[in-house]
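So the chains spell out like this:
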Amino acid sequence: SDPNFANGQGLHIHIRTKLVRYWSYIKSAAIRIGDDILEIEGSADAENNAEPQYWVNFEYQGKLDTFAGYTVTQLTPSCVSKREYKIDLSPTYEGQY
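Right, let's walk through the structure included here. All values reported here derive from a predicted model rather than from experimental measurement. (Residues numbered from 1 in each chain as written. Predicted model: local features only at pLDDT ≥ 70, side-chain atom pairs only at ≥ 80, totals over all residues. Heavy atoms only, no water.)

## Quick word on the overall build of the chain
Counting its regular elements, the chain contains one helix and eight strands. Secondary structure elements of the chain occur, N-terminal to C-terminal, as α-β-β-β-β-β-β-β-β. Buried residues in the chain amount to 28% of all 97 residues. Residue pairs in contact within the chain that sit at least 24 positions apart in sequence constitute 22% of those at least 6 positions apart. Just so you have it, the chain exposes about 6800 Å², and 48% of that area is on carbon and sulfur atoms. (Helix = DSSP H or I, 4+ residues; strand = E, 2+ residues; numbered from the N terminus. Buried < 20%, exposed > 50% of the residue type's maximum accessible area, 1.4 Å probe, protein only. Contact = heavy atoms within 4.5 Å. Areas by Shrake-Rupley, 256 points an atom, 1.4 Å probe, with all protein chains shown as cover.)

Shown next, in the form of structure tokens:
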């Protein structure tokens, strides 16, 4: 948490993991900047993970070009069970993602 992020809007990040036998994975991550919330959910099951699972301000698969005024890029690597989301913080922190 950084309550002073972006001139007092605040930045809060919660990462939830899930234990599966002898390993774990990130089940979900939630990011809040100001009043905006982005939650991304993963799955250990690659077959049921073809569609991205995310919510923007509680709207399932809401528009995600920007989040809290920052540009968001969604990348899909060659493996469908993995996703990458980049939030461009350069308006606040030059060159950081």
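Moving on from the model shown.
## What to know about the packing of aromatic side chains
Tallied over the entire structure, the rule returns four aromatic pairs. With a centroid separation of 5.5 Å and an interplanar angle of 55°, the aromatic rings of tryptophan 55 and tyrosine 60 are classed as tilted. Since its relative accessible area comes to 25%, tryptophan 55 is described here as partly exposed. (Phe/Tyr/Trp six-rings, centres within 6.5 Å; stacked < 30°, edge-to-face > 60°.)

## Regarding the nonpolar core
One finds Ile33, Leu38, Leu64, Phe67, Tyr70 and Ile87 to be the most contacted residues of the largest nonpolar core, which totals 17 residues. Taken together, the elements giving at least two residues each to this core come down to helix H1 (5-8), strand E2 (23-33), strand E3 (36-41), strand E4 (53-56), strand E7 (70-75) and strand E8 (84-87). (Core = buried A, V, L, I, M, F, W, Y, C linked by side-chain atoms within 4.5 Å.)

## Some remarks on the environment of glutamate 39
Within the element layout of this structure, glutamate 39 appears in strand E3. Through-space distance from the C-alpha of glutamate 39 to that of histidine 14 is 9.2 Å; in sequence the pair is 25 residues apart. In contact with glutamate 39, other than residues within four places in its own chain, are Arg16, Ser28, Ala29, Ala30, Gln53, Tyr54 and Trp55. In terms of polar contacts, glutamate 39 uses its side chain to reach the side chain of arginine 16, at 3.5 Å. (Polar contact = N/O pair within 3.5 Å; in protein donor to acceptor, adjacent residues only side chain to side chain.)

## Quick notes on the pattern of salt bridges
Applying the stated criterion across every chain, the model contains four salt bridges. Residues glutamate 84 and lysine 86 are paired through a salt bridge, measuring 4.0 Å at the closest nitrogen-oxygen approach. Overall, the relative accessible area of 35% leaves glutamate 84 in the partly exposed class. (Salt bridge = Lys/Arg side-chain N within 4 Å of Asp/Glu carboxyl O.)

## Comments concerning unusual backbone geometry
In this structure, asparagine 7 takes a positive phi of about 55° despite not being glycine. For asparagine 7, the location among the structural elements is in helix H1.

## A closer look at the sheet that holds E2
Two strands in a sheet stick together by hydrogen bonds in their backbones, pointing the same way (parallel) or opposite ways (antiparallel). The strand order across the open sheet built from five strands is E1-E2-E3-E4-E5, with neighbouring strands paired in antiparallel fashion. Of all the strands in the sheet, the pair left with one neighbour each is strand E1 (11-20) and strand E5 (59-60). Looking at chain direction, E3 and E4 are connected through four bridges and run antiparallel. The residue of E4 that forms the bridge with leucine 38 is valine 56. (Pairing = 2+ DSSP bridges.)

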